Amino acid sequence: MRLAWAALLLVIATTLVMGWHTGEDAAGSLDRQGSLTLQEALVRIRNGDGNPALEAAGLSMVVFDRNGIVAGAAAGCRHFAGDRCLLMSTDAMARIASISKLVAATAAMRLVEEGKLALEGDIGDMLGFPVRNPAHPDTPITLASLMSHTSSLRDGRGYALPLGESLWRELFDPEGGHFDTRAPGAFFEYANINFGVLAGVMEKATGERFDRIVASEVLVPLNIEAGFNYAGVPSGKPVATLYRKLNKTGAYDSRAAWQAQLDGFRTSPALPQLYKVDMATPERLAQYEPGTNGTVFSPQGGLRISTRDLARFGVALFGGKGAVLKPETVSRMIGTDWTYNAHPPNGATFDGFYKAFGLSVHTMADAAKTGRTLVGHFGEAYGLRSALLWDEEYGQGFAYFITGMASNARETPGDGDGLSWWEAEMIKVGVSAIDKKRG
């Protein structure tokens, strides 16, 4: 039965070929052979290159340039319903994890351009009360240091608080462990709580909820259907479930069945079900006071978006059609606020994954041993791996997500730099698609 089911999935996945040629957002699509090549590459990764321990639940990728979408493909299943496979597509939304930070930072930089926030200013001045590392009371924490993970803030005992609790009370609780002993600006360490604080600063500056700020500054102008914790997400939009292969003890086991980790439904369910996942009903959010606890919107990872819309965001961010930021602002984001120095070490690299970082923009040289320097952001949560990456030299990029892997990705390395096998393979496919289009 297991072999029959796997064979069925292979047949289904192989039939998924998608590409576009629309007046709205594409200068052209790859020819039929090019689209099939991208499709076949995703099917190969979905099937683990023939190794069951490397299988994936579902994959989606979209390639883009400054003029719009170039091509896209998907493979596998966005949801398993008994013996049924609901097919993955490039329009299926997923909780994109930490790429959410790049979208949040883009909205913040819009506010900087509008004069509502100061990039290098003391965030305490913007909030109306002091926010300093107790060990370094004379060193301000800036908006730039939050987005570059050099603020000295640490996740400590947690970075997501329930609705009704105060982020600021938690931040300054001596038992919370939210401040490093090193001064702001002295050390890079990736920390999700930076973006809870960033959301609070954005809310204080505007008097509006974080999710609505991002919608008005970025998503709505780009006509993108997406939202943090489902705010603004259409109820009929297909949503991809995130999976892991776990046995009865909760350990990874490639021989086990796929176990839903998040968004375990076939299509977008009713709002009460959605908000049950995210701990905040629309009724309770109506009572929310902006600036008190932006973590309820999961600014660090809660954005639901499709790869097609993520690619459209990439087009606009990296200076293409419908650009949302000034070119000098984008250059400032891509510029390296932090570069790793080994002697003495000035940051936590996570097995070489982080070596250079700007304002929510990760620079990866020789990504997956392709010889290309890519900038953008990666995501990882609940079994998902994702990325939005841009190749400045070629003027093209790609967005992808993988909604589940048969083995522990952290224990399945691929081509160094802290990448898993699946991530390295997806990067190679994306770079190959860029090369083919350029050629």
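Residues numbered from 1 in each chain as written. Predicted model: local features only at pLDDT ≥ 70, side-chain atom pairs only at ≥ 80, totals over all residues. Heavy atoms only, no water.

## A few points about the environment of L87
Next up, step 1: Here L87 lies in strand 3 (residues 84-87).
Next up, step 2: For L87, a relative accessible area of 32% gives the class partly exposed.
Next up, step 3: On a C-alpha basis, the gap between L87 and A74 in space is 8.6 Å, while along the polypeptide they are 13 residues apart. (Helix = DSSP H or I, 4+ residues; strand = E, 2+ residues; numbered from the N terminus. Buried < 20%, exposed > 50% of the residue type's maximum accessible area, 1.4 Å probe, protein only.)

## What about unusual backbone geometry?
Next up, step 1: Look at the link from H343 to P344: it is a cis peptide, with omega at -10°.
Next up, step 2: Note that P344 resides in the loop between strand 9 (338-339) and strand 10 (356-357).
Next up, step 3: Although it is not a glycine, S298 adopts a positive phi angle of roughly 50°.
Next up, step 4: Looking at the element boundaries, S298 is found in the loop between helix 10 (282-285) and strand 8 (303-306).
Next up, step 5: Exposure remark for S298: the relative accessible area of 11% places this residue in the buried category.
Next up, step 6: Within the chain, D351 stands out as a residue other than glycine whose phi angle is a positive 60°.

## So, the state of the cysteines
Next up, step 1: Applying the stated rule across the entire model yields 1 disulfide.
Next up, step 2: Here C77 engages in a disulfide with C85; their sulfurs sit 1.9 Å apart. Between C77 and C85, the disulfide has an S-S torsion of -110° and is therefore left-handed.
Next up, step 3: Among the residues examined, C77 registers a relative accessible area of 0% and is labelled buried. (Disulfide = S-S within 2.5 Å.)

## Concerning the layout of surface pockets
Next up, step 1: Quantified by volume, the largest pocket comes out at close to 1000 Å³.
Next up, step 2: Considering the residues around the largest pocket, the lining is formed by 42 residues, among which S98, Y190, E380, A381 and R410 are closest to the centre.
Next up, step 3: Of all the secondary-structure elements, those providing two or more residues to the lining of the largest pocket are helix 9 (271-278) and strand 12 (374-381).
Next up, step 4: With 5 residues, strand 12 is the largest single contributor of residues to the lining of the largest pocket.
Next up, step 5: For the lining of the largest pocket, the residue count by class is 19 nonpolar, 13 polar and 10 charged. (1 Å grid on protein atoms, 1.4 Å probe; cavity = no way out; pocket = protein on both sides within 12 Å on 5 of 7 lines; lining within 4 Å. Points joined across faces, edges and corners; volume = space filled by probe spheres on them. Nonpolar A, V, L, I, M, F, W, Y, C, P; charged D, E, K, R; others polar.)

## Digging into helix 12 (residues 327-334)
Next up, step 1: Three or more residues of helix 12 are buried, namely T329, V330 and M333. Taken end-on, helix 12 shows its buried residues confined to a sector of 100°, consistent with a single buried face. Facing away from the buried side of helix 12, by more than 90 degrees, are the exposed residues P327 and E328.
Next up, step 2: Of the surrounding elements, those touching the buried residues of helix 12 are helix 3 (99-113) and helix 11 (307-317). (Arc of directions from axis to C-beta. Contact = heavy atoms within 4.5 Å.)

## Some points on the sheet that holds strand 15 (residues 404-405)
Next up, step 1: Ordered by their spatial adjacency, 3 strands build an open sheet running 7-6-15, and the pairing between neighbours is mixed. Each edge of the open sheet carries a strand with a single partner, namely strand 7 (258-262) and strand 15.
Next up, step 2: Of the strand pairs in this sheet, strand 6 (residues 242-245) and strand 7 are connected by 4 bridges, and their pairing is antiparallel. Bridging from a neighbouring strand, Y243 pairs with A260 of strand 7. (Pairing = 2+ DSSP bridges.)

## Focus: helix 7 (residues 193-206)
Next up, step 1: Taking 1.5 Å per residue, 14 residues should reach 20 Å; helix 7 reaches 20 Å between its end C-alpha atoms and fits that length.
Next up, step 2: For helix 7, the set of buried residues is I193, N194, F195, G196, V197, L198, A199, G200, V201, M202 and E203.
Next up, step 3: Looking at the residues trailing helix 7, positive phi occurs at G207, about 75°. (Expected span 1.5 Å × (residues − 1).)

## Structural notes on the pairing of strand 13 (residues 384-391)
Next up, step 1: Counting buried residues in strand 13 gives 8 out of 8 residues, a clear majority hidden from the surface.
Next up, step 2: Residue alternation in strand 13 divides its side chains into two sets, L384, S386, L388 and W390 and R385, A387, L389 and D391, and both sets are buried.
Next up, step 3: As judged from the 7 bridges shared by strand 12 and strand 13, these two strands associate in the antiparallel manner. Note on strand 13: the bridge partner recorded for A381 is L384.
Next up, step 4: Turn length for the strand 12-strand 13 hairpin, with the two strands adjacent in sequence and antiparallel, is 2 residues, and the turn residue Y382 shows positive phi of about 55°.
Next up, step 5: Here strand 13 runs beside strand 14 (residues 396-402); their pairing, made up of 7 bridges, is antiparallel. By the bridge assignment, D391 is partnered in strand 14 with Q396.
Next up, step 6: Between strand 13 and strand 14, which pair antiparallel one after the other, the connecting turn spans 4 residues, and G395 there sits at a positive phi close to 65°.

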